[in-house]
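Inside the fold
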Amino acid sequence: MIVEIVRLRVKPGQLQAFETAWAEASGRYLRGKPGYQAHKLGRQLETERDYVLAVQWDSLDAHLAFMAHADFQPFAQSFWHFFDGEPDLIHFQPNPAL
């Protein structure tokens, strides 16, 4: 398993609209995709407009395959316009021994 972590900032006054768009897009395009396991999205406590998204995938290849899938563009376009700047994305592999 790998975890995709995305840190993103939402434009002022767009928080609720972003959350609604994300909920609809993730339900329509993300859930049920091959290799997708689960996700969590939440607001950073220190700064209201910053969010952190964590998505669990079977593998990095599964995430990359989703990004190459025809559904990825409409998925991203559903909420990308709410971002204030580019999202910061990393992948990590949890170590169960730590």
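Scroll up a little and you will see the structure.
This write-up is about the structure you can find in this document. Keep in mind that what you see is a predicted model, and the values were worked out from it rather than measured.

1. Considerations on a nonpolar patch on the surface
Where nonpolar side chains cluster on the molecular surface, the patch consists of Leu60, Leu64 and Met67 and spans about 240 Å² of accessible area. Relative to the helices and strands, Leu60 is located in helix α2 (residues 60-68). Taking the relative accessible area as the measure of exposure, Leu60 reaches 37% and is therefore partly exposed.

2. Digging into the nonpolar core
When a protein is soluble and globular, its nonpolar side chains tend to lie buried together. Grouped together as the largest cluster of nonpolar side chains are 24 residues, with contacts concentrated most on Phe18, Trp57, Phe75 and Phe79. At the level of elements, β1 (2-9), α1 (15-30), β3 (50-57), α2 and α3 (72-77) are the ones that each hand at least two residues to this core. By residue number, the principal contributor to this core is α1, which donates 7 residues. Among residues more than four places away in sequence, those in contact with Phe79 are Phe18, Ala21, Trp22 and Ala25.

3. Looking at the side chain of His63
For His63, the position within the fold is in helix α2. Once you skip the residues sitting within four places of it in the chain, His63 turns out to touch Glu4, Trp57, Leu89 and His91.

4. Observations regarding the packing of aromatic side chains
A full pass over the atoms with the stated rule returns 15 aromatic pairs. Their ring planes at 70 degrees and their centres at 6.4 Å tell us that Tyr29 and Phe75 sit as a pair that is edge-to-face. Taken together, the positions of Tyr29 in helix α1 and Phe75 in helix α3 put the pair 46 residues apart, joining distant regions of the chain. Like Tyr29, the residue Phe75 is buried in the burial classification.

5. Section: the pattern of salt bridges
Within this structure, the stated rule accounts for 5 salt bridges. Of the charged contacts, one joins Asp50 and Arg7 as a salt bridge, the two residues approaching to 3.4 Å between their closest N and O atoms. One end of the pair, Asp50, is in strand β3; the other, Arg7, is in strand β1, with 43 residues separating them in the sequence. The class of Arg7 is partly exposed, set by a relative accessible area of 43%. The salt bridge partner of Arg49 is Asp84, with a shortest N-O separation of 2.9 Å. Residue Arg49 is found in the loop between β2 (36-43) and β3, and its partner Asp84 is found in the loop between α3 and β4 (88-92); the two are separated by 35 residues along the sequence. Note on Asp84: relative accessible area 38%, which makes it partly exposed. Because the salt bridges share partners, they merge into one network encompassing Arg7, Arg9 and Asp50.

6. Here we look at the layout of surface pockets
By volume, the largest pocket is sized at about 290 Å³. Residue lining of the largest pocket: 21 residues in total, with Glu4, Val6, Phe72, Trp80 and Leu89 positioned closest to the centre. Looking at the lining of the largest pocket, the elements with two or more residues in it are β1, α1, β3, α2 and α3. Here the residues of the lining of the largest pocket are counted per class, giving 18 nonpolar, 1 polar and 2 charged.

Reading the values: the criteria
Residues numbered from 1 in each chain as written. Predicted model: local features only at pLDDT ≥ 70, side-chain atom pairs only at ≥ 80, totals over all residues. Heavy atoms only, no water. Patch = residues over 30% accessible without salt bridge, like charges linked within 9 Å, V, L, I, M, F, W, Y side chains within 5 Å. Areas by Shrake-Rupley, 256 points an atom, 1.4 Å probe, with all protein chains shown as cover. Salt bridge = Lys/Arg side-chain N within 4 Å of Asp/Glu carboxyl O. Helix = DSSP H or I, 4+ residues; strand = E, 2+ residues; numbered from the N terminus. Buried < 20%, exposed > 50% of the residue type's maximum accessible area, 1.4 Å probe, protein only. Core = buried A, V, L, I, M, F, W, Y, C linked by side-chain atoms within 4.5 Å. Contact = heavy atoms within 4.5 Å. Phe/Tyr/Trp six-rings, centres within 6.5 Å; stacked < 30°, edge-to-face > 60°. 1 Å grid on protein atoms, 1.4 Å probe; cavity = no way out; pocket = protein on both sides within 12 Å on 5 of 7 lines; lining within 4 Å. Points joined across faces, edges and corners; volume = space filled by probe spheres on them. Nonpolar A, V, L, I, M, F, W, Y, C, P; charged D, E, K, R; others polar.

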